[in-house]
Amino acid sequence: MFVVFDLDDTLACTKHRRPFIIPEGQDYATYAVPQNNADDGGFKPDWTSFFAARSGDTPLWGAVELFHSLTRNGNHVEIWTAAREDSREVTRSWLREQCGIDQRHLTKMRPIGDYRKAVELKESWLLSASPKPDIFFDDHIGIIRMVRSHGVFGAAVGDHDY
C-alpha cells in the first residue's frame, strides 16, 4: 500500500507554536489564517518563526506508532506537509530525533512563495502522484474531503476545518 501522512497536527502537535500564526483569543480550528497578508485586525502570521519552532513539538504517538507499523509491514509511507521547504532541515531533525522517522519519508513540502491553501496544494500533489495513495492521514477535514473526492481513503486524525 501507498500511505501518506500529513505532519503538523497529524504526527506533530503544534499547539505551542500556534501563537505565531493565530491571534490571541482566536480558535485554531476556525480562524482563517492568511498566508502572506495581515488579517482584518492587522495580525500578520509569522510563518518563519512558526516553522523554526518545530523542535518543541510533541509527537502524536498514536499516529507515529501507526506510521512505524505501516513501514515495518512493507508499505510505502510518505509525509506530505504544507510546511515550507525552507524548514526542511529542522523538520528532518525533528522527525529523526523525536520520532525515529528517516528523512527519506519526507517527500513533499510547500515550495517557497507558494501561498495556495493547503487543500489546493495537496490536491495538486495528489493529482500528479503515480500511483495515487491508498490511504491519506490528515487533521484537516477539508483535505480529507478532497482526497476522498479523488477515490482515496481519507483518514481524519482530527476535525480541523481550515
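Summarised in this report is the structure supplied together with it. (Residues numbered from 1 in each chain as written. Predicted model: local features only at pLDDT ≥ 70, side-chain atom pairs only at ≥ 80, totals over all residues. Heavy atoms only, no water.)

## What about the overall build of the protein chain?
Turning to step 1, where the next piece is worked out: Scanning the protein chain from terminus to terminus reveals 5 helices and 7 strands.
Turning to step 2, where the next piece is worked out: The linear arrangement of helices and strands in the protein chain, starting from the amino end, is β-β-α-β-α-β-α-β-α-β-α-β.
Turning to step 3, where the next piece is worked out: Here the protein chain has a C-alpha radius of gyration of 15 Å; the compact-globule value for 162 residues is 15 Å, and the two agree.
Turning to step 4, where the next piece is worked out: Principal-axis analysis of the C-alpha atoms gives the protein chain an extent of 50 × 35 × 25 Å. (Helix = DSSP H or I, 4+ residues; strand = E, 2+ residues; numbered from the N terminus. Rg over C-alpha atoms; globule rule 2.2 N^0.38 Å.)

## What to know about the packing of aromatic side chains
Turning to step 1, where the next piece is worked out: Inspection of the entire model under this criterion finds 8 aromatic pairs.
Turning to step 2, where the next piece is worked out: Both rings, one in W80 and one in F136, keep their centres 5.6 Å apart while their planes meet at 80°; by these two values the pair is edge-to-face. A residue pair is termed long-range when its members are at least 10 positions apart, and W80 in strand β4 (residues 76-84) and F136 in strand β6 (residues 135-140) qualify at 56 residues. Per residue, the accessibility class of W80 equals that of F136, and both read buried.
Turning to step 3, where the next piece is worked out: Each residue in the set F2, W80, W125 and F136 is aromatic and connected to the rest through ring pairs, giving one cluster.
Turning to step 4, where the next piece is worked out: Above the plane of the ring of F50 lies R17, whose end atom (NZ or CZ) is 4.3 Å from the centre.
Turning to step 5, where the next piece is worked out: Here K108 stacks its cationic end above the ring of W80, 5.5 Å away from the centre of that ring. (Phe/Tyr/Trp six-rings, centres within 6.5 Å; stacked < 30°, edge-to-face > 60°. Buried < 20%, exposed > 50% of the residue type's maximum accessible area, 1.4 Å probe, protein only. Lys NZ or Arg CZ within 6 Å of the ring centre and 35° of its normal.)

## Some words on unusual backbone geometry
Turning to step 1, where the next piece is worked out: In this structure, P131 follows S130 across a cis peptide bond, with omega equal to 0°.
Turning to step 2, where the next piece is worked out: With respect to the secondary-structure elements, P131 resides in the loop between α4 (118-128) and β6.

## Overview of the pairing of β6
Turning to step 1, where the next piece is worked out: Among the 6 residues that make up β6, 6 are buried, leaving the element largely enclosed by the rest of the structure.
Turning to step 2, where the next piece is worked out: Where strand β1 (residues 2-5) lies against β6, 3 bridges are found, and the strand directions are parallel. When the sheet's bridge partners are listed, F5 is paired in β6 with F137. (Pairing = 2+ DSSP bridges.)

## Comments concerning the packing of α4 against helix α5 (residues 141-149)
Turning to step 1, where the next piece is worked out: Where α4 meets α5, the closest approach of the two axes is 9 Å, and the angle between their N-to-C directions is 30°. When the interaxial angle is binned, α4 and α5 end up roughly parallel. The handedness of the crossing between α4 and α5 is right-handed. Between α4 and α5, the contacting residues are A118, V119, K122, E123 and L126 on the first element and G142, I143, M146 and V147 on the second. (Axes fitted to C-alpha atoms, helices over the stretch in contact; angles between N-to-C directions. Parallel < 35°, antiparallel > 145°, perpendicular 65-115°, else oblique. Left-handed = near helix turned anticlockwise from the far one by under 90°. Contact = heavy atoms within 4.5 Å.)

By themselves these figures say nothing about function.
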